[in-house]
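Okay, here's what each chain looks like letter by letter:
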Amino acid sequence: MKFAGKVALVTGGSEGIGFSTAKLFLQEGAAVVITGRSAHKGKLALGKLNGIGRIKFVRGDVSRPTDAKKMVDETIATFGRIDILFNNAGIYIPGLAENMTEEEWDKVIGVNLKGTFLVSKYAISCMKKQRSGVIINNSSEAGIVGERGCPAHCASKGGVAVMTKAMALDCANNGIRVNCISPGTIETTMLARVAREANDPEAYLKHECATIPLGRLGRPEEVARAVLFLASDEASFITGTTLPIDGGFTAQ
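In this report, the structure presented in the accompanying data block is examined. All residue numbers here refer to positions counted from 1 along the written sequence of the relevant chain. In keeping with the model being predicted, local features are shown solely for residues with a pLDDT of at least 70 and side-chain atom pairs are shown and tallied solely at 80 or more, while totals for entire chains, interfaces and linings include all residues. To get the side-chain values, all heavy atoms of the structure are used, and hydrogens and water are removed first.

## As for the overall build of the chain
Thought 1: Along the chain, the regular secondary structure elements total eight helices and seven strands.
Thought 2: Here the C-alpha radius of gyration of the chain, 17 Å, is about what a compact globule of 252 residues would show, namely 18 Å.
Thought 3: Overall, the C-alpha framework of the chain stretches about 50 × 40 × 35 Å when taken along its three principal axes.
Thought 4: Partly exposed describes any residue whose relative accessible area lies between the buried limit of under 20% and the exposed limit of over 50%, with all areas from a 1.4 Å probe on protein chains only and scaled to the type maximum. When the 252 residues of the chain are sorted by exposure, 50% land in the buried category.
Thought 5: Any two residues whose heavy atoms approach within 4.5 Å at even a single point are treated as in contact. Considering only contacts in the chain between residues 6 or more positions apart, those separated by 24 or more positions represent 71%.
Thought 6: Methods summary: accessible areas were calculated by the Shrake-Rupley approach with a probe of 1.4 Å, and residue burial reflects only the protein chains presented. Total accessible area computed for the chain in this model is approximately 11900 Å², and 53% of it derives from carbon and sulfur atoms. Labels follow the DSSP assignment, with helices taken as runs of H or I lasting at least four residues and strands as runs of E lasting at least two, numbered in each case from the N terminus. Here the globule rule is a power law, 2.2 Å times the number of residues to the power 0.38, and the radius of gyration is based on C-alpha atoms.

## A look at the pairing of strand E3 (residues 55-59)
Thought 1: As paired strands, strand E2 (residues 31-36) and E3 are joined by five bridges and run parallel to one another. If you follow Val32 over to E3, its bridge partner there is Ile55.
Thought 2: By the criterion used throughout, a crossover qualifies as right-handed when its path from the first strand across the helix to the second strand runs clockwise, the strands pointing away from the viewer. In this view, the connection linking E2 to its parallel neighbour E3 by way of helix H2 (residues 39-49) has right-handed handedness. At least two bridges found by DSSP between two strands is the condition for calling them paired.

## Overview of the sheet that holds strand E1 (residues 7-10)
Thought 1: Strand order in this open sheet of seven strands is E3-E2-E1-E4-E5-E6-E7, and the pairing throughout is parallel. This sheet does not close on itself; its edge strands, each paired only once, are E3 and strand E7 (242-245). Here the strands of the sheet are splayed against their neighbours by 20° on average, with no regard to which way each runs.
Thought 2: Relative to strand E4 (residues 84-87), E1 runs parallel, the two sharing three bridges. The residue of E4 that forms the bridge with Val10 is Phe86. Lines fitted to the C-alpha atoms define the axes, with helices restricted to the stretch that makes contact. Angles between their N-to-C directions range from 0 to 180 degrees.

## Examining the packing of helix H1 (residues 16-27) against helix H8 (residues 220-231)
Geometrically, a packed helix pair is captured by the angle between its two axes and the distance between the axes.
Thought 1: Running from amino to carboxyl end, H1 crosses H8 at an angle of 55°, the nearest separation of the two axes being 8 Å. When the axes of H1 and H8 are compared, the pair comes out oblique. When the axes of H1 and H8 are compared, the crossing they make is right-handed. In contact with Gly16, Ile17, Ser20, Thr21, Leu24 and Phe25 of H1, H8 contributes Pro220, Glu221, Val223, Ala224, Arg225, Val227, Leu228 and Ala231.
Thought 2: Only Asp, Glu, Lys and Arg are considered charged in this grouping, and only Ala, Val, Leu, Ile, Met, Phe, Trp, Tyr, Cys and Pro are considered nonpolar; every other residue, Gly among them, is considered polar. The class makeup of the residues in the contact of H1 with H8 is nine nonpolar, three polar and two charged. Here is the rule for angles: anything less than 35 degrees is roughly parallel, anything more than 145 is roughly antiparallel, 65 through 115 is roughly perpendicular, and the remaining ranges are oblique. In a left-handed crossing the near helix is turned counterclockwise from the far helix by less than a right angle, and in a right-handed crossing that turn is clockwise.

## Structural notes on the environment of Gln130
Thought 1: Looking at the element boundaries, Gln130 is found in helix H4 (residues 102-130).
Thought 2: Judged by its relative accessible area of 21%, Gln130 falls in the partly exposed class.
Thought 3: Linking Gln130 and Thr35, residues 95 residues apart in sequence, is a C-alpha distance of 23 Å.
Thought 4: If we ignore the near neighbours within four places in the chain, the residues touching Gln130 are Arg81, Ile82 and Asp83.

## Digging into the packing of H1 against H2
Thought 1: Across the interface, H1 lies against H2 with an axial gap of 11 Å and an inter-helix angle of 30°. As far as their axial angle goes, H2 and H1 are roughly parallel. You can see that H1 and H2 cross each other, and the crossing is right-handed. Counted together, Phe19, Ala22, Lys23 and Leu26 of H1 and Ala45, Lys48 and Leu49 of H2 form the full contact between these two elements.

Take it as geometry only, folks, not as evidence of what the structure does.
Here it is as C-alpha cells:
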C-alpha cells in the first residue's frame, strides 16, 4: 500500500494506459479520480474499479480550461487534496503536413499539449499550497524521435517532453516533482483503431513488432508500473526526466 492516504488524478483514465494506472494506484491504497470525454466509458470503468478502492469519474475535455479546472476542483472537493497528477489524456490523428487540416492540427495540439498544460496549471496551484506533489506527463517515443505520417503527434509529444523539464525546474523549490514517460507501441484501444484503419491490420501490427528490439508490443500495465514508480518515494530524487517505455525502440 505505497500510496495509502494519497490522492491521484488520472486524465484519460477510462481505458488503456490510464485505466491500468488508475487500477494500480487503487490497489496500492490511493484514492483516485479518473477523467474522460465519454460518460459511457467512464461508467464502464467505474464498474470495474469500484470494488478496489475509492474512485470517482469526472467527465471533461482537458483542452477546455473550464473542464481542466473542474477536474482538479472536484478531486480536491471529493478527497481533500491532490498528491499525484498523471496527465495521460491524448489523441492520435495521422496525416502529412501538406494534407492535415488546421482543425486537425489544433485538435491534436489542444488535447496532447495544451491539455497537459491546463490540468497541470490548476494542480500546481494546489500542490504549492501543500508544498508537495508529483506530476507525470505522458509523452511518447514520438516525442523523442520523429515518426512518419504524424507530424502533429510528434510536435505535441515533443512539446510535452520539453515542457516537463521546464515545469520541473519551476516547481522544484515547492517540493513538486515533474517527470515524463514516453511509451512506445502499446496494446491499447487507440492502437487497435489505428490498426483497423490500415489496409492490413495484421500486417500492420506484425510490422510494428518487427521495429521493436524486444520483438513485441508493450502492455498497458507495464507503462502503469513505471508511472507508479515515478510517483512513489522510491523516485524522490528524480525530476525533469523522460523515461522511455518502448522495448528499446528509441535506443536504435
